[in-house]
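# Descriptive analysis of the structure
Okay, here's what each chain looks like letter by letter:
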Amino acid sequence: MEVIGCCLWDNWVEESLSKLESLKVLRSLRPIQLANGVAHQPTFLENSSSNPNQEFQVFDGPCEWDRASVEVNISESTFQKWLHDVPSSGDDNDAVYENVRDDDGVELTDGKLRKLIVFSGNDYMGLSSHPMVRSAASKAAQEHGMGPRGSALICGYTNYHRLLESSLADLKGKEDCLLCPTGFSANMAFLTAVGNIGLLLAGGKPSYDDRVAIFSDALNHASIIDGIRLAEKQGGAVAFVYRHCDMFHLDALLSNCPMKKRVVVTDSLFSMDGDFAPMAALAKLRKKHGFLFAIDDAHATFVCGERGGGAAEEFNCETDVDICIGTLSKAAGCHGGFIACSKKWKLLIQSRGRSFIFSTSTPVPIAAAAHAAVVVAKEEAWRRSVIWKRVREFRALTGIPAESHIISIIVGSEHKALQASRHLLKLGFHITAIRPPTVPPNSCRLRITLTAAHTTDDLRKLTDALSECLDFQEIEALSTNCFPKL
């Protein structure tokens, strides 16, 4: 069934491309060659500081700049407003707030800064402050400014963008890759393009059975949900939601589905619960039902797998994943999104993915920085090792069965979550309370993220602070009362 399903999808994509070509709406990317632009993959010198003109360097352990990704400062007025849950639109430091006073009633000024250790960010590999990433962005900005400003289909696609796409395709083991402005827009572009297959092949609004059936995990990211909603609104797709990571439910839905065009899309690593999708079981179901298998690998890319290829590499099912969506704003420490896929799928998405077509392309310095981050993430494998060492240490210190570098400590009510977050803030930790609508009611939580820039000492201090406001024995490791968001 797998071979038949894959062949059918190849045929449907080819037929859709033929329709677009006959309508003269098949879009092309024409890379602009910027003067002095990057022409090839860089070479590296490990731990080299002897040559000040050496453009790229990699390192075999943590350096002082890594701390910039986990240490931040906030003003005293921001601290007090946060502590007392005073609403803010981000203008805390624009003026002295007469009504904001400290615990002794003294009016606040912004002269004092408080240092916080961030345990809530997504810079998992600590690459946002890496010298190579900074140098790549700075050099590109000095030579080209922001680069041509326009959508990728008009004038915004350059040799920098192409090089980044090639490196991501290689990382994911795919034929090609499409760079998108954000990870959110990448999911939107893919899913609206999927829905368009139903419309194109029907030559208009398809019958129910001729639409594309999209099967989505109940806890998928909002960008997947919104992409499915738009595909449904356009009339080319129908959504089916299966219970979180429940393969029996998914198998039953697939078995009873009358539609031939079927897609299963899931987060590979869920951002709010920190658990992995059952990748091996999904690959097995793909063989049985022949569906198109797409994953949002946002939180696993660069962190999981020997080469940093993500969840598919980690669970040895790269060839089973047809479409891999990712982001460059998390472990890469930069900005942007991507879709790793075949060349045919890329042509279809760039011709029918609205969020890609109607967005200005990524600025050249960001593309240059992201490419540097891809190479550093591959070369500095010790960063992945440190992350997983921190996960093991957290388990040992707390007894909480953390499955990944995203640790979801469910405390229940909003009041409890806010109270715990404020306690941690007082002790110098930046950990925000996650509340509805991000998570279901009564499953409010502290979302803790571990990175390559955190130290064992950071972790010990954090777990000591957590033990003062939480009873580890009473913490729910996972919520069993989740509901579909669609």
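Residues numbered from 1 in each chain as written. Predicted model: local features only at pLDDT ≥ 70, side-chain atom pairs only at ≥ 80, totals over all residues. Heavy atoms only, no water.

Per an unreviewed UniProt entry, the chain goes by the name 8-amino-7-oxononanoate synthase and belongs to Sesamum alatum. A UniProt comment under Sequence similarities (unreviewed entry) is attached to the chain, and it reads "Belongs to the class-II pyridoxal-phosphate-dependent aminotransferase family. BioF subfamily." (UniProt positions renumbered as here; feature names shortened; annotations may be inferred.)

### Quick look at the sheet that holds strand β3 (residues 71-75)
Judged by pairing direction, the sheet is mixed, and its three strands sit side by side in the order β3-β4-β13 without closing on themselves. Single-partner strands in this sheet number two, and they are β3 and β13 (429-430). In terms of strand pairing, β3 meets strand β4 (residues 113-118) through five bridges, oriented antiparallel. Among the inter-strand pairings, S75 is bridged to a residue of β4, identified as L113. Lying on the sheet, helix α2 (residues 76-83) is in contact with β3, β4 and β13; it crosses β3 at an angle near 90°. (Pairing = 2+ DSSP bridges. Helix = DSSP H or I, 4+ residues; strand = E, 2+ residues; numbered from the N terminus. Contact = heavy atoms within 4.5 Å. Axes fitted to C-alpha atoms, helices over the stretch in contact; angles between N-to-C directions.)

### Points about unusual backbone geometry
Here the residue pair P436 and P437 is connected by a cis peptide bond, since its omega of 10° sits within 30 degrees of zero. Here P437 shows up in the loop between β14 (433-434) and β15 (444-449). For K24, which is not glycine, the phi dihedral falls at a positive 65°. Within the element layout of this structure, K24 appears in the loop between α1 (2-22) and β1 (45-46). The phi angle at F302 is positive, at roughly 75°, despite the residue not being glycine. One can find F302 in the loop between β9 (292-296) and α9 (311-314). The exposure class of F302 is buried, given its relative accessible area of 2%. (Buried < 20%, exposed > 50% of the residue type's maximum accessible area, 1.4 Å probe, protein only.)

### Quick notes on the packing of helix α7 (residues 247-255) against helix α8 (residues 279-289)
Between two packed helices, both the angle of their axes relative to each other and the distance between the axes serve to describe the pair. Packing of α7 against α8 brings their axes to within 11 Å, and their N-to-C directions diverge by 15°. With respect to each other, α7 and α8 are oriented roughly parallel. Seen from above, α7 lies across α8 with right-handed handedness. Contact residues: α7 offers M247, L250, D251, L254 and S255, while α8 offers A281, L282, L285, K288 and H289. (Parallel < 35°, antiparallel > 145°, perpendicular 65-115°, else oblique. Left-handed = near helix turned anticlockwise from the far one by under 90°.)

### Focus on the side chain of K174
Here K174 lies in the loop between α4 (159-172) and β5 (176-180). Of the side chains with opposite charge, D322 lies nearest to the buried K174, which makes no salt bridge, at 6.6 Å. Setting aside its immediate chain neighbours within four residues, K174 contacts A169, E318, V321, D322, A340 and C341. (Lys, Arg positive; Asp, Glu negative; His and termini not counted. Salt bridge = Lys/Arg side-chain N within 4 Å of Asp/Glu carboxyl O.)

### Brief notes about the confidence of the model for the chain
Per-residue confidence for the chain averages 90 on the pLDDT scale, and 88% of its residues sit at or above 70. Within the model, pLDDT remains below 50 along residues 42-54, and this stretch shows 21 contacts once partners closer than five positions in the same chain are excluded. (pLDDT = per-residue confidence, 0-100.)

### Looking at the sheet that holds strand β12 (residues 406-412)
Spatially, three strands are ordered β12-β15-β14 in an open sheet, and the strand pairing comes out antiparallel. Two strands bound the open sheet, and with one partner strand each, they are β12 and β14. Inspection of the sheet shows β12 paired to β15 by six bridges, in the antiparallel sense. Following the sheet pairing, I406 is matched in β15 by T449. Sitting on the sheet, helix α14 (residues 414-426) is in contact with β12, β14 and β15, with an inclination near 35° to β15.

### Some words on empty space enclosed by the protein
Tallied over the full model, the rule gives two cavities of 30 Å³ or more. Here the largest cavity is characterised by a volume of approximately 90 Å³. For the largest cavity, the lining is made up of 14 residues, of which A152, L179, F356, S361 and T362 are closest to its centre. Counting only elements with at least two residues in the lining of the largest cavity, the list comes to α4 and β5. Counting residues per element, the lining of the largest cavity draws most heavily on β5, at three residues. In terms of residue class, the lining of the largest cavity is built from eight nonpolar, five polar and one charged. Space inside the second largest cavity adds up to approximately 60 Å³. Forming the boundary of the second largest cavity are K172, K174, I295, G309, A312, E313, E318, V321 and C324. (1 Å grid on protein atoms, 1.4 Å probe; cavity = no way out; pocket = protein on both sides within 12 Å on 5 of 7 lines; lining within 4 Å. Points joined across faces, edges and corners; volume = space filled by probe spheres on them. Nonpolar A, V, L, I, M, F, W, Y, C, P; charged D, E, K, R; others polar.)

### Observations regarding the nonpolar core
Within the largest apolar cluster, 69 residues are counted, with the highest numbers of intra-cluster contacts made by F215, L250, M279 and F302. In terms of residue count, the dominant contributor to this core is helix α12 (residues 364-379) (11 residues). Grouped together as the second largest cluster of nonpolar side chains are 37 residues, L17, L20, I197 and I339 included. (Core = buried A, V, L, I, M, F, W, Y, C linked by side-chain atoms within 4.5 Å.)

### Comments concerning the pairing of strand β6 (residues 212-217)
Counted residue by residue, β6 has six buried out of six residues, so it is predominantly covered. Going residue by residue along β6, you find V212, I214 and S216 tucked away on one face and A213, F215 and D217 tucked away on the opposite face as well. As paired strands, β6 and strand β7 (residues 237-242) are joined by six bridges and run parallel to one another. Bridge assignment links S216 to a residue of β7, and that residue is V241. Between β6 and its parallel partner β7, the chain crosses via helix α6 (residues 222-233), and the hand of that crossover is right-handed. Where β6 and strand β8 (residues 262-267) come together, four bridges link them in parallel fashion. If you follow F215 over to β8, its bridge partner there is V264. (Right-handed = clockwise from strand over helix to strand, strands pointing away.)

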